[in-house]
Amino acid sequence: FSFSFQFRVDYVIEAKSEAQARKLGRELCLEQTVELPSHIDAVKDVEAFTVGTVENVTEIRGSRNELFRVTAAFPNDTAGGELSQFLNVVFGNTSLKRGVSV
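The model shown is predicted, which means the values in this text are computed figures rather than measured ones. (Residues numbered from 1 in each chain as written. Predicted model: local features only at pLDDT ≥ 70, side-chain atom pairs only at ≥ 80, totals over all residues. Heavy atoms only, no water.)

## Examining the overall build of the protein
Put simply, the rule is: Under the scheme used here, helices are H or I runs from DSSP no shorter than 4 residues and strands are E runs no shorter than 2 residues, and both carry numbers assigned from the N terminus. A simple rule labels every residue: compare its accessible area, found with a 1.4 Å probe on the protein chains alone, to the largest value its type can have, and call it buried under 20%, exposed over 50%, or partly exposed in between. Throughout, a residue-residue contact means that at least one pair of heavy atoms, one from each residue, lies within 4.5 Å.
Of the regular secondary structure elements, the protein holds three helices and four strands. Helices and strands appear in the protein in the N-to-C order β-α-α-β-β-α-β. Looking at the protein residue by residue over its 102 residues, the buried ones come to 31%. Taking the contacts inside the protein whose residues are at least 6 apart along the sequence as the reference set, 62% of them involve residues at least 24 apart.

In structure tokens form, the structure reads like this:
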């Protein structure tokens, strides 16, 4: 039996397809936590309990651009019990990227 304590964040991502939105969401999860690409061995060692995961991708219909709501789940421990670290995981470097918003 295992407990999974996570917090979820909805991002709006501009993408050409659901597959691209999911890929960008995956990259976002890596950037917001370990700040490394997935092919790095160190990421593989900690991924299961550190890196966020994409839970859901849905198209936002009626928008001028091709927008998708991407729900990412992050382990609570990534926030370290601190509000500032929580905000860093939610917004972090992703807030600087074009075509992505919380």
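## Topic: the pattern of salt bridges
Here is the rule we go by: A pairing counts as a salt bridge when a side-chain nitrogen of Lys or Arg comes within 4 Å of a carboxyl oxygen of Asp or Glu.
Under the defined criterion, the tally for this structure stands at three salt bridges. With a closest N to O distance of 3.5 Å, E59 and R61 form a salt bridge.

## A word on the pairing of strand β1 (residues 6-14)
To keep things clear, this is the line we draw: A pair of strands is considered paired only if DSSP assigns at least 2 bridges between the two.
The alternating pattern of β1 places F7, V9, Y11 and I13 on a buried face, while none of Q6, R8, D10, V12 and E14, on the opposite face, is buried. In terms of strand pairing, β1 meets strand β4 (residues 100-101) through two bridges, oriented antiparallel. When the sheet's bridge partners are listed, I13 is paired in β4 with V100.

## Observations concerning the environment of V89
Within the secondary structure, V89 is located in helix α3 (residues 83-90). Along the sequence, V89 and C29 sit 60 residues apart, while their C-alpha atoms lie 8.9 Å from each other.

## Considering the sheet that holds β1
The test is simple: Whenever a helix is involved, its axis is fitted only over the stretch in contact; in every case the axis is a line through C-alpha atoms, and angles between N-to-C directions fall within 0 to 180 degrees.
One open sheet holds the four strands; their spatial order is β2-β3-β1-β4, and the pairing between them is antiparallel. Of all strands in the sheet, those bounded by a partner on one side alone are β2 (53-60) and β4. Its contacts with the sheet put helix α1 (residues 18-33) on β1, β2, β3 (67-75) and β4, and the angle it makes with β3 is roughly 35°. Where α3 meets the sheet, its contacts fall on β1 and β3, and the angle it forms with β1 comes to roughly 35°.

## With respect to the nonpolar core
Stated precisely, the cut-off is as follows: Buried Ala, Val, Leu, Ile, Met, Phe, Trp, Tyr and Cys residues form a nonpolar core when they are joined through side-chain atoms within 4.5 Å.
Counting residues in hydrophobic clusters, the biggest one holds 20 residues, and the most contacted among them are F7, V9, Y11, I13, A21, L28 and F74. Elements with a minimum of two residues in this core: β1, α1, β3 and α3. If sequence neighbours within four positions are ignored, I13 has contacts with A21, L24, G25, L28, E66, L67, F68, V70, G99 and V100.

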